[in-house]
Amino acid sequence: MKQSSMIFPGSTVGVLGGGQLGRMFVVAARTMGYKTVVLDPDKNSPAGTIADHHICAGYEDDAGLQQMADLCEAVTTEFENVPAASLRKLAESVFVAPSAEAVEIAQHRDREKSYAREAGLETTAYANILSVSDIALAVETTGFPAILKLSALGYDGKGQAIVNSTEEVTEKFEEFGSVECVLEKMLNLKQEVSVILGRNAQGEVSVFPVAENVHVNGILHTSTVPANITDELTTKAQQQAMALANAMNYVGVLTVEFFVTGDDQLIFNEMAPRPHNSSHYTLDATTTTQFEQQVRTLCGLQPGDGRLISPVVMVNLLGDLWPVNWGKVFSENALKLHLYGKEEARPGRKMGHYNVLAESTEKAKEIAESVFKLIS
Ligand code: ADP
Ligand code: MG
């Protein structure tokens, strides 16, 4: 459904998915005076437990989706693996952003890379592998070392393997269940950065600063803002993200991950049609948060100012750290803690994060790391 006019506070907005991203969307929406609905099959989901209304149903449940459409004036999603068919069904009777089409692009590594290339962004050399017979040609395209990745449903480094020979590609492809994969040339990365932006249905865009991301075991560990890259590269990353959003006629919050190579080339890695872990720094360090931006763009309001108020470092808190000595966390008064309300701490599970604001990224890093050491 098209958005006919701005959706103002007092209205009801919905989110598909009840994880931490959905929870922070709910907090932002409620802060701005909206009523909230969460659809998630888990009765204890982080977002469902704090929303005005929790529809406890699967993402393909017709009755649940119908209830969502009936209750809400607009609906968004917190994860990209929501079935596009569900977004299409919702869109028959309620405004949905991002669209099923945009989510379908971001769900799939070949589609997102092709789209990025068409919009003028550079990707690493890659090839699709649909069956074992595609492997020989794919290997010619990428050389070794390469990374084999599931085309869909991978996250946090899951569903991917570094490969060094044709035999290894075959072995891993079969281990992955012989489902569609991409083989990517492995790059020598100097840095990894990401950019998030908000774009509304009227085409108004606001882009946030560039974050520099460090991963440990495939999971984001820290994001530092501003990123330690040249002004030229910062502007380029922001412009490329906007070009991509405009090309897709994207509505909502869009994240674009880039690699920075040794010779300062900016290479598109992947996109996420939603708020992102690497932009949690916006909860404390920018004028508008990424979740407020999600509400604003969904509701057709002007995207908020993305200006950075202070240098900041975000540190993820995974379940491995539990139980945490909170006294040590609160010993630092420049630290802002965010926990997601998850009862069970499992290794690798994202339980929360903290942001440290300081006069420089170096100082913020120093504090962030010293606290992390205290609780590790
Ligand atoms: P996920 O969906 O798990 O985030 P990514 O494609 O972003 O998958 O890959 C996870 C991480 O693996 C990246 O952040 C990067 O550190 C590393 N990586 C992925 N692809 C490449 C590549 N082509 N060259 C070098 N490193 C890569
Ligand atoms: Mg990634």
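Up top is the structure these notes are about.
The structure displayed is predicted, hence computed values, not measured ones.

**Thoughts on the overall build of the protein**
When its secondary structure is counted, the protein shows 12 helices and 18 strands. A globule of 376 residues ought to have a C-alpha radius of gyration of about 21 Å, and the protein, at 20 Å, matches this closely. Seen through its principal axes, the protein has C-alpha atoms that stretch 55 × 50 × 40 Å. With 376 residues in all, the protein has 54% of them scored as buried.

**Description of the state of the cysteines**
Evaluated as defined, the whole model comprises zero disulfides. Of the cysteine sulfurs around Cys72, a residue in no disulfide, the closest is that of Cys299, at 10 Å.

**As for the packing of aromatic side chains**
What the rule picks out here adds up to two aromatic pairs. Summarising the aromatic geometry, the rings of Tyr59 and Phe79 are spaced 4.9 Å apart at their centres and angled 55 degrees between planes, so their arrangement reads as tilted. In this pair, Tyr59 sits in the loop between strand S3 (53–55) and helix H2 (62–71) while Phe79 sits in the loop between strand S4 (74–77) and helix H3 (84–91), placing the two residues 20 residues apart along the sequence. Judged by centre distance (5.6 Å) and plane angle (80 degrees), the ring pair of Trp322 and Trp326 falls under edge-to-face. The ring of Tyr126 has Lys113 sitting right over it, with the charged end atom 5.7 Å from the ring centre.

**Here we look at the coordination of the magnesium ion (ligand 2)**
Within the protein, the atoms that donate to the magnesium ion (ligand 2) are Glu257 (OE) and Glu270 (OE), at distances of 1.9 to 2.4 Å. Taken together, the positions of Glu257 in strand S14 (residues 252–261) and Glu270 in strand S15 (residues 266–272) put the pair 13 residues apart, joining distant regions of the chain. On the basis of relative accessibility, which here comes to 14%, the residue Glu257 falls in the buried class.

**Regarding the site of ligand 1**
Neighbouring ligand 1 are 19 residues, the closest being Lys149, Gly157, Glu192, Asn269 and Glu270. Lys149 has a polar side-chain atom sitting 2.6 Å from an oxygen atom of ligand 1. Interatomic distance of 2.9 Å between a backbone N/O atom of Leu187 and a nitrogen atom of ligand 1. Protein contacts shield 88% of the accessible area of ligand 1, which totals 540 Å² for the unbound molecule. Elements with a contribution of two residues or more to the shell around ligand 1: strand S7 (146–150), strand S9 (181–185), strand S10 (189–199), S14 and S15. Residue composition of the shell around ligand 1, grouped by class: six nonpolar, five polar and eight charged.

**Quick word on helix H10 (residues 290–298)**
Note on helix geometry: an α-helix contains 3.6 residues per turn, so any two residues three or four positions apart are oriented the same way. Of all the nine residues making up H10, eight are buried; the element is thus mostly covered by neighbouring parts of the structure. Taken together, the buried positions of H10 are occupied by Gln290, Phe291, Glu292, Gln293, Gln294, Val295, Thr297 and Leu298. Of the residues one or two after H10, Gly300 is the one with positive phi, at around 75 degrees.

**Structural notes on the sheet that holds strand S1 (residues 12–16)**
Strand order in the open sheet made by the five strands is S3-S2-S1-S4-S5, with parallel pairing throughout. On the outer flanks of this sheet lie S3 and strand S5 (95–96), each paired with one strand and no other. Relative to strand S2 (residues 35–39), S1 runs parallel, the two being bridged by five bridges. Bridge assignment links Thr12 to a residue of S2, and that residue is Lys35. Contacts between H2 and the sheet are confined to S1, S2, S3 and S4, with S3 contributing the most and set at about 155 degrees to the helix.

Rules and cut-offs
- Residues numbered from 1 in each chain as written.
- Chains lettered and ligands numbered in written order.
- Predicted model: local features only at pLDDT ≥ 70, side-chain atom pairs only at ≥ 80, totals over all residues.
- Heavy atoms only, no water.
- Helix = DSSP H or I, 4+ residues; strand = E, 2+ residues; numbered from the N terminus.
- Rg over C-alpha atoms; globule rule 2.2 N^0.38 Å.
- Buried < 20%, exposed > 50% of the residue type's maximum accessible area, 1.4 Å probe, protein only.
- Disulfide = S-S within 2.5 Å.
- Phe/Tyr/Trp six-rings, centres within 6.5 Å; stacked < 30°, edge-to-face > 60°.
- Lys NZ or Arg CZ within 6 Å of the ring centre and 35° of its normal.
- Donors = N, O, S within 2.8 Å, 3.2 Å for Na, K, Ca; no water.
- Near = heavy atom within 4 Å.
- Polar contact = N/O pair within 3.5 Å; in protein donor to acceptor, adjacent residues only side chain to side chain.
- Areas by Shrake-Rupley, 256 points an atom, 1.4 Å probe, with all protein chains shown as cover.
- Nonpolar A, V, L, I, M, F, W, Y, C, P; charged D, E, K, R; others polar.
- Pairing = 2+ DSSP bridges.
- Contact = heavy atoms within 4.5 Å.
- Axes fitted to C-alpha atoms, helices over the stretch in contact; angles between N-to-C directions.

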